[in-house]
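Below are the chains, spelled out letter by letter.
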Amino acid sequence: MLRFFVLLAFLFCSAHLIAQQQVKIFVLNQYEAPVDFFKVDGKEYRTSKDGSVLIDVPTADSAIFSAKEYPATAVSKIDIKDGANITIRKKFTWKDLVNPMFYINYGGLWLLLFIIFAETGLFMGFFLPGDSLLFVAGIYSSNLANEFLKLIGLGNVHNEWLELIVLCALLSIAGILGNLVGYWTGKKVGPAMYHWKDNLLFKKRYLHEAHDFYEKHGGGAIVMARFLPIVRTFAPIVAGIVEMDRKKFVFFNIIGSISWVVSMIFAGHFLQIWVKNQFGIELKDKLELIVIIIIAVTSAPVLWKFFFSKRKADAPKAH
């Protein structure tokens, strides 16, 4: 009987000792996304569905975390404790340029403002991820707005609605100014284009067709263009080229910018809260999927119009 109790005590102590030698942690990259597969001191681990992983506590003062596309990172043993977030930095790839978190992480509010301006005002801005960037900005609205509030001495003020209003106002202004620059550029280039000779890419009749279109649907086109990738970059430029009425352009430019920014920011902010409360899921952990969905949804009307209108144009007319 004594041997039985000794064995039982030994097993209990061993189990307790083993439990103490493992901790549950979360391994993330600099974009706050979970790292699915990684190594700690050469031993492989896989992240579970909830983003956590149970690892052995290192015996040395630090441990080396590494993964594919992730340089080896030394983490102090003190920081490897139960429930801790361990961040390892991913190497830069061109794929990062379509990741909204890349811009928020490295540039914050100021880079965000420049991108919204550039995507709607500069020729080369068409590739920037405006929709998904605004959506993600809504998730991080508190952090982003606080950058501006600190600048004006209100860094200690934390109010959800104030932060949303400040962020939406700043981004709307950036979008409005971007479109104005695009319109001004088109206005300057436009007159010369009417003297260009027709070639493979340019036909003078396109200008006349665009002019008639903007005369008839200009206001709605400026507003709707905000929600369409690539189109929103060139719409104000074309409006300037065909000399759309300036007052009309400015009015619908303001309406379009505010509608676009507010809808995207509010969608990101409140959808994150609703999904977390209803399902316990952090949208921050699903950003790649969100970006793909947003790109697909916003690009669908453009692709549909391009392919199906072309088919109708190519179809033989009945006599």
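Now for a description of the structure that goes with this document. All residue numbers refer to position in the chain's written sequence, counted from 1. At least 70 in pLDDT is required for a residue's local features to be given in this predicted model, at least 80 for side-chain atom pairs to be given and counted, and no such filter applies to totals for whole chains, interfaces and linings, which use all residues. Working from all heavy atoms in the structure, the side-chain values ignore hydrogens and water.

Digging into helix H4 (residues 141-151)
Put simply, the rule reads: Only protein chains enter the calculation, and the probe is 1.4 Å; a residue is then buried if its accessible area is under 20% of its type maximum, exposed if over 50%, and partly exposed in between. A helix here means a DSSP run of H or I that spans at least four residues, while a strand means a run of E at least two residues long, and both kinds are numbered starting from the N terminus.
The complete set of buried residues in H4 reads Ser-141, Leu-144, Ala-145, Asn-146 and Leu-149. Note on H4: the residue one or two positions beyond its end, Gly-153, has a positive phi of about 80°.

As for the environment of Ala-235
Cut-off, in case you're wondering: Pairs of residues are marked as contacts when any of their non-hydrogen atoms sit within 4.5 Å.
Mapped onto the elements of the fold, Ala-235 is located in helix H7 (residues 231-241). The class of Ala-235 is buried, set by a relative accessible area of 7%. Look past the residues within four positions of Ala-235 in its chain and what remains in contact with it is Tyr-214, Ile-222 and Ala-225.

Regarding the packing of helix H2 (residues 100-121) against H4
Cut-off, in case you're wondering: The angle between two axes is taken between their N-to-C directions and runs from 0 to 180 degrees, where each axis is a line fitted to C-alpha atoms and a helix contributes only its stretch in contact. What sets the label is the angle itself: under 35 degrees gives roughly parallel, over 145 gives roughly antiparallel, 65 to 115 gives roughly perpendicular, and the rest give oblique. By definition, any crossing whose near helix is turned counterclockwise from its far helix by less than a right angle is left-handed, and any crossing with a clockwise turn is right-handed. Classification used: nonpolar for Ala, Val, Leu, Ile, Met, Phe, Trp, Tyr, Cys and Pro, charged for Asp, Glu, Lys and Arg, polar for all others including Gly.
Interaxial distance between H2 and H4 falls to 9 Å at its minimum, and their mutual angle equals 60°. The orientation of H2 with respect to H4, classified from their angle, is oblique. By crossing handedness, the relation of H2 to H4 is classed as right-handed. The residues of H4 that touch H2, namely those facing Ile-104, Gly-108, Leu-109, Trp-110 and Leu-112, are Leu-144, Glu-147, Phe-148 and Leu-151. Residue composition of the contact of H2 with H4, by class: seven nonpolar, one polar and one charged.

Some points on the environment of Ala-169
Structurally, Ala-169 can be placed in helix H5 (residues 160-193). On the basis of relative accessible area, Ala-169 is assigned to the partly exposed category, the value being 37%. Sequence separation between Ala-169 and Val-261 is 92 residues; the distance between their C-alpha atoms is 8.6 Å.

Points about the sheet that holds strand E4 (residues 52-56)
Here is the rule: The pairing criterion for strands is at least two bridges between them, as found by DSSP.
Read across the open sheet, the three strands follow the order E4-E1-E7; overall the sheet is mixed. In this open sheet, the two strands that pair with only one neighbour each are E4 and strand E7 (85-87). Strand-to-strand twist across the sheet, computed as the mean angle between neighbouring axes with direction ignored, equals 50°. Two strands pair when backbone bridges link them, and strand E1 (residues 22-28) and E4 are joined in this way by five bridges, in the antiparallel orientation. Directly across from Ile-25, in E4, lies its bridge partner Val-53.

So, unusual backbone geometry
Of note, the phi angle at Asp-41 is positive, near 55°, even though the residue is not glycine. If you trace the backbone, Asp-41 turns up in the loop between strand E2 (37-40) and strand E3 (43-46). Judged by its relative accessible area of 48%, Asp-41 falls in the partly exposed class. Positioned with a positive phi, Glu-243 is a non-glycine residue whose angle comes to about 60°. Mapped onto the fold, Glu-243 is located in the loop between H7 and helix H8 (246-279).

Details of the packing of helix H3 (residues 130-139) against H8
Running from N to C, H3 and H8 cross one another at 50°; their axes reach a closest spacing of 6 Å. As summarised for this structure, H3 and H8 are arranged oblique, according to the angle between their axes. In the crossing of H3 with H8, the sense of the turn from one axis to the other is right-handed. When H3 is examined against H8, the residues Gly-130, Asp-131, Leu-134, Phe-135, Ala-137, Gly-138 and Ile-139 are found in contact with a partner set consisting of Trp-260, Val-261, Met-264, Ile-265, Ala-267, Gly-268, His-269, Leu-271 and Gln-272. Its residues assigned to classes, the contact of H3 with H8 comprises ten nonpolar, five polar and one charged.

Comments concerning the environment of Ala-84
Topologically, Ala-84 is positioned in the loop between strand E6 (70-76) and E7. Apart from the residues within four sequence positions on either side, Ala-84 is in contact with Lys-24, Ile-25, Phe-26 and Asp-79.

What to know about H2
Quick note on the threshold: An expected span of 1.5 Å times one less than the residue number is assigned to each helix. What we call the bend at a residue is the angle made by axes fitted to the seven residues finishing there and the seven residues starting there. Polar contacts, as counted here, are pairs of nitrogen or oxygen atoms within 3.5 Å of one another; within protein the pair requires one atom able to donate a hydrogen and one able to accept it, and residues that are adjacent in sequence qualify only if both atoms are side-chain atoms.
Between its first and last C-alpha, H2 extends only 19 Å over 22 residues, short of the 32 Å set by a 1.5 Å rise per residue. Residue Gly-107 marks the point of greatest curvature in H2, where the axis turns by about 120°. Structurally, the start of H2 carries an N-cap: the backbone nitrogen of Met-101 is 3.0 Å from a side-chain oxygen of Asn-99.

Brief notes about the sheet that holds E3
Ordered in space as E3-E2-E5-E6, the four strands form an open sheet in which the pairing is antiparallel. Where the open sheet ends on each side, the last strands, each with one partner, are E3 and E6. Along the sheet, successive strands turn relative to each other by an average axial angle of 30°, direction set aside. Pairing of E2 with E3 involves four bridges; the strand directions are antiparallel. Following the sheet pairing, Phe-37 is matched in E3 by Arg-46.

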